[in-house]
Structures are given as C-alpha cells and as structure tokens.
Amino acid sequence: MIEDETARKTVGRILAWYGAMGADAALADQPIDWMARGDVPPGAGFSVPGAEPALASSPASAPIPASGSAPPKRAPLAPTGVQQRAPSPPATARPARQFPPRAPGAAEPMGDLASVRSLAELRARIEAFDGCGLKATAKNLCMFRGAEQADLMIVGEAPGREEDLEGKPFVGRAGQLLDKMLAAIGMGEANVHITNIVYWRPPGNRTPTPQEALACRPFLERQVALVRPKVVLALGGAAAKGLFDLADGIMRVRGKWRDIEMGGHRAKAMATLHPAYLLRTPAAKGMAWRDLLAVKAALKD
Ligand code: URA
C-alpha cells in the first residue's frame, strides 16, 4: 500500500516535471523511441503516427514494444527499503549519429522558394514542409494575419494556445494588447502584416529553439520579400534573436534601428518588448510606447 502511494507520488512528480519542461502533448498511443530514428534527419520521412516504416529502414532502429506487451519487471526492494537498480542490459555500441550532407546543388527540402509568387503559394509550401518538429504537436499552421502587403511587418515569437486553435498569430490576450498598441499609432490589420519566427505552437508554450526558428527561416525570408515592408518590428527577445542573430537580451537591443535584408528585400528593423511581457509588467509600457512612436515616424519617412 505504502509502496503504491510512493509510486503514485513519483509518477505525479515525473508528469509535473514533463509538463514544466513543455512536454504536455501525447504524440501517439504508444511510447516512441526517438533515438531509434538513427540517421534519419528531421523532416526526412520520419512521421509520428506511422513511424514504423521509417524506423524499420533505419540502421540504428530499435523495436517499438507491441501494444499490450508486458511491463518491465520491478527490481525487488533492498532490505533497507532502498530500491535496487535493475542490472543494466549489456551496452550496444550505437554508430555516431550523422545526417548525410546535402549533395551540392541538391534541392532544399522546402523546394525553390524564390519561385513562390504569392502568400497562398507560400502557405501551401509551409503546409507540405515536415522539417520543423513543432508541426507534429500543433493543431494548426499559424502563418499570418493582416494585410498581404504592408509597410509594417510585426514578427513575434511563436503561436500560443489560442493562436494554435484559430490558426492565426496574436489572437489571444497578447494579441489584443498588440492590436491596442497598433491602434494607438493609427494602424491595424488593414495595413499591418503580423507573423512569428515559427509557424507552429511549441508544446507548453515554451520558447522555440534556435533550430526550430532556423527551420522556418527560409519561409520567413520569402514572406518578407512578398510583403515588402518598410519596417520590420520584432516583438520580444526570442524574435529579436531569431531575426537579427543577436546574443544580447531584449532590454539592450530594443529601440535601436538596424538595416536588414531578408529574402533580398531591404527594410529598417527594430525590436521592442513583447506584449505578453507588458501584460505582466505594465510599468514597462512606456518603453514600448517610445518604440512605437519611432516606428510611426519611420513609416512617414
Ligand atoms: N505570442 C507570440 O509571440 N506570437 C503569437 O502569435 C501569440 C503570442
């Protein structure tokens, strides 16, 4: 009885830890051994629900336990009440994980984006792309909301829960504040294009990793080229890092103009504080307001 209670508490703590780390979504009914994908690079045919064929063809594949297979036996309790470790299985050498280099001149997994002529076409390319792991856990693609061509392009961090459900960026509480901020400088969906550095919601609303941002980057570059903004405004530290490749925190980089070139299009760019941060820290709104006034002035130039 005591043992059951202890096990229940331990499982509860492990689940709470997974939740805190952002692992709050089940990908399949059975556990998946992600290490068993071996040398298969992300997005190259490894998909979650029907993962077996890719796993079977992988040289380093390990069998997935069949559903209903017997759970592993628990080690007997030591006399002191301390659980003994089960003897480890003999170590099997795993070949070093290597993603084969792309052959010179070989097509990128997302195809030739320079030939993409419209946002609708770009959306179709993003929908067909499996190279960003966030797609596996997200409900919907969140590409943009607002004008298709706009002098002001806003780039946030990543979709959250409401955005994931609706399939549009910045529709939750932070988005409502963003809309108020834009309205205060006489702008809105009719003349602003709003997007993020990644197109899918990270599980548990964690910050997207640099790899996830990098995977989406070629699409974002083409998006900038199609929207043709005069000014790109990054919201928050993650967006500023993803867009401008900076190591400094948002308080250091915000409010400073820089010239950027994305997808062959040149624009003025600035970072400011994220509206979600402003909701938690209303005292910082003054800084964001100064940045917005600078944006308004730059749009008039
Ligand atoms: N926060 C973001 O950075 N982007 C969204 O789309 C919503 C909240």
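Residues numbered from 1 in each chain as written. Predicted model: local features only at pLDDT ≥ 70, side-chain atom pairs only at ≥ 80, totals over all residues. Heavy atoms only, no water.

What follows is about the nonpolar core. Counting 65 residues, the largest nonpolar core has Leu122, Leu152, Ile154, Tyr199, Trp200 and Leu243 as the members making the most contacts within it. Tallying contributions element by element places helix H6 (residues 210–227) first for this core, with eight residues. Not counting chain neighbours up to four residues away, the residues in contact with Leu152 comprise Leu182, Met187, Asn191, Val192, His193, Pro229, Val231, Leu233, Val295 and Leu299. (Core = buried A, V, L, I, M, F, W, Y, C linked by side-chain atoms within 4.5 Å. Buried < 20%, exposed > 50% of the residue type's maximum accessible area, 1.4 Å probe, protein only. Helix = DSSP H or I, 4+ residues; strand = E, 2+ residues; numbered from the N terminus. Contact = heavy atoms within 4.5 Å.)

Another point: the side chain of His193. With respect to the helices and strands, His193 occurs in strand E3 (residues 192–196). Polar contacts involving the side chain of His193 include one to the main-chain carbonyl oxygen of Ala147, which spans 2.7 Å. Beyond its immediate chain neighbours, meaning those up to four positions away, His193 contacts Leu119, Phe144, Arg145, Ala147, Glu148, Ala150, Leu152, Met153, Ile154, Gln223 and Val227. (Polar contact = N/O pair within 3.5 Å; in protein donor to acceptor, adjacent residues only side chain to side chain.)

The next point concerns unusual backbone geometry. In this model, Phe170 sits at a positive phi of 50 degrees, which is unusual for a non-glycine residue. Of note in the backbone geometry, Asn205 takes a positive phi value of approximately 60 degrees without being a glycine. Turning to its location among the elements, Asn205 is positioned in the loop between E3 and H6. Assessed through its relative accessible area of 43%, Asn205 is described here as partly exposed.

Time to look at the sheet that holds strand E5 (residues 258–262). Ordered by their spatial adjacency, six strands build an open sheet running E1-E3-E2-E4-E6-E5, and the pairing between neighbours is mixed. Each end of this open sheet is capped by a strand with a single partner; those strands are strand E1 (145–146) and E5. Here E5 runs beside strand E6 (residues 265–272); their pairing, made up of five bridges, is antiparallel. Across the sheet, residue Glu261 finds its bridge partner in E6, namely Arg266. (Pairing = 2+ DSSP bridges.)

Taken together, Gly156, Glu157, Ala158, Pro159, Glu163, Pro169, Phe170, Asn196 and His274 are the residues near the ligand. One nitrogen or oxygen atom from the main chain of Ala158 is found 3.0 Å from a nitrogen atom belonging to the ligand. Protein burial of the ligand: of its 230 Å² of free accessible surface, 91% is covered by the chains. In the shell around the ligand, the residues fall into four nonpolar, three polar and two charged. (Near = heavy atom within 4 Å. Areas by Shrake-Rupley, 256 points an atom, 1.4 Å probe, with all protein chains shown as cover. Nonpolar A, V, L, I, M, F, W, Y, C, P; charged D, E, K, R; others polar.)

For the structure on display, the rule yields eight salt bridges. Across the salt bridge formed by Glu212 and Arg206, the nearest N and O atoms sit 2.8 Å from each other. Residue Glu212 is classed as buried on the basis of its relative accessible area, which comes to 11%. By relative accessible area, which is 26% here, Arg206 ends up partly exposed. Where Arg266 meets Glu261, a salt bridge forms, and the shortest distance between an N and an O atom there is 3.6 Å. For Glu261, a relative accessible area of 49% corresponds to the partly exposed category. (Salt bridge = Lys/Arg side-chain N within 4 Å of Asp/Glu carboxyl O.)

This part covers the packing of aromatic side chains. Applying the stated criterion to the full structure yields two aromatic pairs. A centroid spacing of 4.9 Å and a plane angle of 65 degrees characterise the contact between Phe129 and Phe219, whose relative ring orientation is edge-to-face. Separated by 90 residues along the polypeptide, Phe129 in the loop between helix H3 (119–127) and E1 and Phe219 in helix H6 bring together distant segments of the chain. Judged by centre distance (6.3 Å) and plane angle (85 degrees), the ring pair of Tyr199 and Trp200 falls under edge-to-face. You'll find Tyr199 and Trp200 in the same group, each marked buried. Here Lys268 stacks its cationic end above the ring of Trp257, 4.5 Å away from the centre of that ring. (Phe/Tyr/Trp six-rings, centres within 6.5 Å; stacked < 30°, edge-to-face > 60°. Lys NZ or Arg CZ within 6 Å of the ring centre and 35° of its normal.)

Strand E4 (residues 231–235) sits mainly inside the fold: five of its five residues count as buried. Neither face of E4 is exposed, since Val231, Leu233 and Leu235 on one face and Val232 and Ala234 on the opposite face are all buried. In terms of strand pairing, strand E2 (residues 152–156) meets E4 through four bridges, oriented parallel. Bridged to Ile154 within E4 is Leu233. Summarising the sheet, E4 and E6 pair through five bridges and their orientation is parallel. Across the sheet, residue Leu233 finds its bridge partner in E6, namely Met270.

Right, let's get into the environment of Pro202. Summarising the element assignment, Pro202 is placed in the loop between E3 and H6. Pro202 sits 65 residues away from Thr137 along the chain, and the two C-alpha atoms are 7.6 Å apart. Beyond its immediate sequence surroundings of up to four residues, Pro202 is in contact with Leu134, Ala158, Pro159 and Pro208.

Keep in mind that these numbers describe shape and distance, not what the molecule does.
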